[in-house]
Amino acid sequence: MGRNPAVSINVPTDVITGILSRLPVKNLVRFKCVSKPWNSLIDGSYLSNLQLQFDEYKAYSVDFDSLDNLEELPRPLSTTSFGVSSRIFGSCNGLLAISHDEAGIALWNPSTKECHYPPKLTIGDMYDEIILGFGYDVINKDYKVVQMLSSGKLVMIYSLKANSWKRIKDCPYEITFHVSQDGSVHWVGVGNDKDDDARVNDDARVIFGLDLGIEEFHQLPGPESDISYKNFGYRSVGLLGGSLCVFRVIYHRDNIVLWVMKEYGVMESWTEDFYVSRDECWQWCTYYTRAISYSRRGDRVLLEDGGRPRQPAWFNLDKRTREVVDIPGAPKHFNAIIYVESLASARPGNH
């Protein structure tokens, strides 16, 4: 029998470059001896610059008042792998909740350097959108993580006190918007009993939340107004100054209105706080705008436009002007989240 003939495969240079850009530096140094073209490619500035685009997602802390003492944090579940996502999806009482596509979830206290990894849970498949939430159960004095499909199916809750997951009743709503990174387990959705025509109608969207104490979903009454908004849609929902807030996009006016749930004695009701037009704030995207925090004096609101890349900015409520947040040493584009230092334990059973 004769020997099999050698097969030559020509791989395009851009494919080789893309693969090499995702490899660790120590491997690239060894691969320089493969050939002269590889040596030139690895030594060249193009590959070096390309590799930086796949650098790990980093976490920083900065004092909210001064914004001039940036400190990099040793973030758990960071990644340098292309196509693998890692993000902070919740902040509550000094604990941060982090999600990683491959490793799962971590609960982390940056102040005490304490970190806990709940049992890994995988729901749905690669085509399903996974909704995450994180908050504190004041009844049982327990931190809980919520994980469910955007369809409202397969709702799982993790208890830090019990260090275990359990399934609860399915959510009666399909989640349409979930732009939130705080201790609020509230979302914007549409009832699962609605027909297809209603699902695409923004007027059918509602605000709903999950009571972590009794582990049941409930719908909130929507904001009322003396102006008839017929073409509007609820968007991001979260916490602002300790109160629940939601943005409404007014299509025919091309602006967004922020409503805040405020207490009046024993009653709570929605108050229209301010509106922002596209011309006054972001030129490219108001669709996913998220409110992060009021300034100390209360005359400005820190907003994130939701565009890509993200770039938080202060919106002056009196002057109605926008000022991009400039933190010395920080990346130009980043996500912002409010974090309060505490001694809260990330370990199971300590609550």
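The name given to the protein in an unreviewed UniProt entry is F-box domain-containing protein, and the organism recorded there is Gossypium mustelinum.

A.B. asks: I tried to follow the nonpolar core on my own but got confused; where do I start?
C.D. replies: A general trend in soluble globular proteins is that nonpolar side chains are found buried together. In this structure, F89, L107, F134, Y143 and V145 are the most contacted members of the largest nonpolar core, which totals 18 residues. Considering every element that reaches this core, the biggest residue donor is strand β8 (residues 142-149), with three residues. Residues I168, I175, W187 and L212 belong to the second largest nonpolar core, which totals 16 residues.

A.B. asks: Quick question: what am I supposed to make of unusual backbone geometry here?
C.D. replies: Residues other than glycine predominantly adopt negative phi, and peptide bonds predominantly adopt the trans conformation. Phi is positive for N93, which is not a glycine, with a value near 55 degrees. If you check the backbone angles, K141 has positive phi at about 50 degrees while not being a glycine. When you line up the elements, K141 lands in the loop between β7 (130-137) and β8.

A.B. asks: Any chance you could explain the sheet that holds β8 here in plain terms?
C.D. replies: The pairing of strands in a sheet happens through backbone hydrogen bonds and is either parallel or antiparallel. Sheet architecture is open: four strands sit in the order β7-β8-β9-β10, paired in antiparallel fashion. Strands at the two margins of the open sheet, each flanked by one partner only, are β7 and β10 (164-167). Across the sheet, the mean angle from the axis of one strand to that of its neighbour is 25 degrees, orientation sign disregarded.

A.B. asks: Where do I start with a negative patch on the surface in this structure?
C.D. replies: Together, D63, D68, E71 and E341 make up a region of like negative charge exposed at the surface. Note on placement: E341 falls in the segment after β22 (322-324).

A.B. asks: Would you mind showing me how to read the pairing of strand β13 (residues 206-211) here?
C.D. replies: The side chains of a regular strand alternate, residue by residue, between the two faces of the sheet. The buried count for β13 comes to five of six residues, which makes it a mostly enclosed element. Two elements, strand β12 (residues 186-191) and β13, share four bridges in a ladder whose sense is antiparallel. Residue V188 lies in a different strand from β13, and its bridge partner there is I207. Bridge analysis of β13 against strand β14 (residues 216-220) gives five bridges, and the strand direction is antiparallel. Pairing of D211 across the sheet is with E216, part of β14. With antiparallel pairing between neighbouring strands as the criterion, β13 and β14 make up a hairpin whose turn holds four residues, including E215 at a positive phi of roughly 55 degrees.

A.B. asks: Explanation requested: the pattern of salt bridges in the structure shown.
C.D. replies: Between side chains of opposite charge, a pair can form as their charged atoms come close. Taken as a whole, this structure holds seven salt bridges when the rule is applied. A salt bridge links E114 to R347, with the shortest nitrogen-to-oxygen separation between them at 3.1 Å. Of the two residues, E114 sits in strand β6 (residues 114-116) while R347 sits in the segment after β22, which places them 233 residues apart along the sequence. The exposure class of E114 is buried, given its relative accessible area of 15%. On the accessibility criterion, R347 (48% relative accessible area) is partly exposed. For R167, the salt bridge goes to D170, with nearest N and O atoms at 3.4 Å. If you follow the salt bridges from partner to partner, you end up with D137, K144, K166 and E215 in one network.

Criteria and cut-off values
Residues numbered from 1 in each chain as written. Predicted model: local features only at pLDDT ≥ 70, side-chain atom pairs only at ≥ 80, totals over all residues. Heavy atoms only, no water. Core = buried A, V, L, I, M, F, W, Y, C linked by side-chain atoms within 4.5 Å. Buried < 20%, exposed > 50% of the residue type's maximum accessible area, 1.4 Å probe, protein only. Helix = DSSP H or I, 4+ residues; strand = E, 2+ residues; numbered from the N terminus. Pairing = 2+ DSSP bridges. Axes fitted to C-alpha atoms, helices over the stretch in contact; angles between N-to-C directions. Patch = residues over 30% accessible without salt bridge, like charges linked within 9 Å, V, L, I, M, F, W, Y side chains within 5 Å. Areas by Shrake-Rupley, 256 points an atom, 1.4 Å probe, with all protein chains shown as cover. Salt bridge = Lys/Arg side-chain N within 4 Å of Asp/Glu carboxyl O. Lys, Arg positive; Asp, Glu negative; His and termini not counted. Charge placed at Lys NZ, Arg CZ, Asp CG, Glu CD.

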